[in-house]
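Survey of secondary and tertiary structure
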Amino acid sequence: MIDYKYLAQKYDTPLYLYDFEKIENSFLSLKNAFKGRKSLIAYAVKANSNLSVLKHLASLGTGADCVSIGEVKRALLAGIPSYKIVFSGVGKRDEEIEEALKLDILYINLESEAELQRVEDIAAQLGKKARVSIRVNPNIDPKTHPYISTGLHENKFGVEIDTAKKMYLAAKKSNFLDPVGIHFHIGSQLTELEPIKEASAIVADLVRSLHKIDIEIKFFDIGGGLGIKYDNEETIKPYDYAQAILATLKGLDLTIVCEPGRYIVGDAGYFLTKVLYEKKSGDKRFIIVDGGMNDLLRPSLYNAYHKVEVIGKTGDETPADVVGPVCESGDFFAKNRPLPSTSPGDIIVVYSAGAYGFVMSSNYNTRPRPAEVALFKGSDRLIRKRETFEDIIKNEIELMDE
Ligand code: LLP
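Presented here is a report on the structure given in the accompanying data block. Note that the coordinates shown come from a computational prediction; the quantities given were computed from them, not determined experimentally.

Observations concerning the nonpolar core
Core analysis: the largest hydrophobic core is formed by 98 residues, its most contacted members being Ile182 and Phe220. The element contributing the most residues to this core is helix α8 (residues 193-212), with 7 residues. For this core, the domains that each give at least three residues are domain 1 (4-15 + 267-393) and domain 2 (20-263). Not counting the four nearest positions on each side in its chain, Ile182 is found in contact with Ser133, Ile134, Val136, Tyr168, Val203, Leu206, Val207, Leu210, Ile217, Phe219, Phe220 and Asp221. If you look at the next biggest cluster of nonpolar residues, it comprises 16 residues, including Leu7, Ala8, Tyr270 and Val349.

Quick look at the packing of aromatic side chains
Enumeration according to the criterion identifies 10 aromatic pairs in this entry. Here the aromatic rings of Tyr270 and Tyr351 are separated by 5.9 Å at their centres, their planes lie at 75°, and the arrangement is edge-to-face. With Tyr270 in strand β10 (residues 269-281) and Tyr351 in the loop between β15 (347-350) and β16 (371-376), this pair connects stretches of sequence that are 81 residues apart. Relative accessible area serves as the criterion here: at 6%, Tyr270 is assigned to the buried category. For the pair Phe271 and Phe333, a centre-to-centre distance of 5.5 Å together with 50° between the ring planes defines the contact as tilted. Placement of Phe271 in strand β10 and of Phe333 in strand β14 (residues 332-339) is noted, with a sequence separation of 62 residues between them. Accessibility expressed as a relative area gives 0% for Phe271, which makes it buried. Above the ring of Phe87, the side-chain terminus of Lys92 is found at 5.6 Å from the ring centroid.

What to know about unusual backbone geometry
Cis peptide bonds are those with omega within 30 degrees of zero, and the linkage from Thr13 to Pro14 qualifies with -10°. One non-glycine residue, Asp104, lies in the positive phi region at around 60°. Locating Asp104 in the fold gives a position in the loop between α5 (94-103) and β5 (107-110). Here Asn336, not a glycine, exhibits a phi torsion of approximately 50°, which is positive. Relative to the helices and strands, Asn336 is located in strand β14.

Observations regarding the pairing of strand β7 (residues 177-183)
Among the 7 residues of β7, 6 are classified as buried, and the element is accordingly described as predominantly covered. Pairing analysis gives 6 bridges linking strand β6 (residues 130-135) to β7, with the strands arranged parallel. Across the sheet, Arg135 pairs through a bridge with His183, a residue of β7. Alignment of β7 against strand β8 (residues 219-221), held across 3 bridges, turns out to be parallel. Looking at β8, one finds that Ile182 is bridged to Phe220. Taking the sense of rotation as the criterion, the β-α-β connection linking β7, α8 and β8 turns out right-handed.

Digging into the site of the ligand
In the vicinity of the ligand, 19 residues are found, and the nearest of them are Ser188, Glu259, Arg298, Tyr302 and Tyr356. One of the backbone N or O atoms of Arg262 is found 2.8 Å from an oxygen atom in the ligand. In the model, a nitrogen atom of the ligand is placed 2.7 Å from a nitrogen or oxygen of the Tyr302 side chain. Calculation on the ligand without its partners gives an accessible area of 580 Å², and the protein chains cover 92% of this total. A domain-level breakdown of the shell around the ligand finds at least three residues from each of domain 1 (4-15 + 267-393) and domain 2 (20-263).

Describing the state of the cysteines
Counted by the stated rule, this structure contains 0 disulfides. Counting only cysteine sulfurs, Cys66 is the nearest neighbor of Cys258, a cysteine outside any disulfide, at a range of 15 Å. Exposure remark for Cys258: the relative accessible area of 1% places this residue in the buried category.

Criteria and cut-off values
- Going along each chain's sequence as written, the residues are numbered from 1 onward.
- Side-chain atom pairs in this predicted model are given and counted only at pLDDT of 80 or more, local residue features only at pLDDT of at least 70, and totals for whole chains, interfaces and linings cover all residues.
- Note: side-chain values were computed over all heavy atoms of the structure, leaving out hydrogens and water.
- Buried Ala, Val, Leu, Ile, Met, Phe, Trp, Tyr and Cys residues form a nonpolar core when they are joined through side-chain atoms within 4.5 Å.
- Each residue's exposure class comes from its accessible area (1.4 Å probe, protein chains only) as a fraction of the maximum for that residue type: buried when under 20%, exposed when over 50%, partly exposed otherwise.
- What counts as a helix is a DSSP run of H or I of at least four residues, what counts as a strand is a run of E of at least two, and both are numbered from the N terminus.
- Residue ranges assigned to each domain were obtained from an automatic or database domain assignment.
- Only heavy atoms enter the contact rule, under which two residues are in contact if any of them lie within 4.5 Å.
- Ring pairs are drawn from Phe, Tyr and Trp, using the six-membered ring of Trp, whenever the two centres fall within 6.5 Å, and their geometry is named by plane angle: stacked under 30 degrees, edge-to-face over 60, tilted for the rest.
- The criterion for a charge sitting over a ring is simple: Lys NZ or Arg CZ within 6 Å of the ring centre, and within 35 degrees of the ring normal.
- DSSP bridges decide pairing: two strands pair if at least two such bridges lie between them.
- Crossovers are described as right-handed under a simple rule: with the strands pointing away from the observer, the path leading from the first strand over the helix to the second runs clockwise.
- We call a residue near a molecule or strand as soon as one heavy atom of that residue lies within 4 Å of the molecule or strand.
- Distance and chemistry together define a polar contact, namely a pair of N or O atoms within 3.5 Å, with one atom able to donate a hydrogen and the other to accept it when in protein, and with adjacent residues in sequence counting only for side-chain atoms on both sides.
- What sets the accessible areas is the Shrake-Rupley method with a 1.4 Å probe; for residues, cover comes only from the shown protein chains.
- In what follows, a disulfide is any cysteine sulfur pair within 2.5 Å.

Structural measurements only, silent on function.
Shown next as structure tokens:
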């Protein structure tokens, strides 16, 4: 049992807590699902990029899926070897491509013909052969929130099958490109297996047709997207996930690369916030807390559901909105939830906050970002200091009259 009250007092609120044992268990359950097959779990750094989290995962043998050179550097700093790092993303700056090539990472995921050209040019300038993979958009509806759906042609990600074929042919001809992989990622918080299966089958067929023309794809990168239980949703079991993918790869000898983010860290994270006071407006009951949308954006941005609980309080539960102090009506963590009556100083825990929590925080309203604490081997350890006012303003330069 986590002593939320003690931790809230010790580190103050708002606060992120991560249970490292849970992170480890999730990682291993996915890794084991692909046991016996050549596979690489390339943790999606964007979900939670705290260096201690990355270090912990590095010690378990993770790779990293990165979407900026900053994330690549984080992964390396945490001890993830370059040959386990992939670099994805719909837009990469020249400097980022150059650095990724110099660092000799496993491969760069390409998302357009124009990008292929850029990478080829930069590799030529460096006199290198760039290992690349092409992100295919299989045009499958992943049945998730439209903001986190990525595998339809209407989304900005990847290229159509025909374009991908053209790109593979161009890459094969080039002296500076080595097409080693194929990639797809249809969306995040996926709770249905069927769309994943369909997408995988489409992409596997493409691999077969590429093999026929001597384009030897080695890495089958299935992206991330495995969902977690925020509320009562049914989730996909890692074993079923792996089996579904493997079933589409009959006769192919490929290394499976999987890029899970949320599944690894999501339910290992807790966001603690303190009740400031309650107020009523007509029939509406508001619990006002010290955390805001700048600290945990998911409810505001996606209307995402996170379970909330008032620690140590029971009794009559009446519907309430849990809202933050930020000057936006969209600043809430929960709406119309049956909750007991609260007093100032009570601690509310927001569950499943380990993925896309701290990483999406900001200084909106000049609010310092929260501290992060690891629950590790029975102890609690600070892994990121709470920001101060000085931290927030340190890059600002006062305009002086010359
Ligand atoms: N690989 C690629 C290419 C991705 O775009 C993503 C997530 C992942 C892997 C990891 O997906 P995961 O396993 O975590 O579902 N901020 C949103 C989620 C955005 C996901 C973006 N891409 C949220 O809070 O729900």
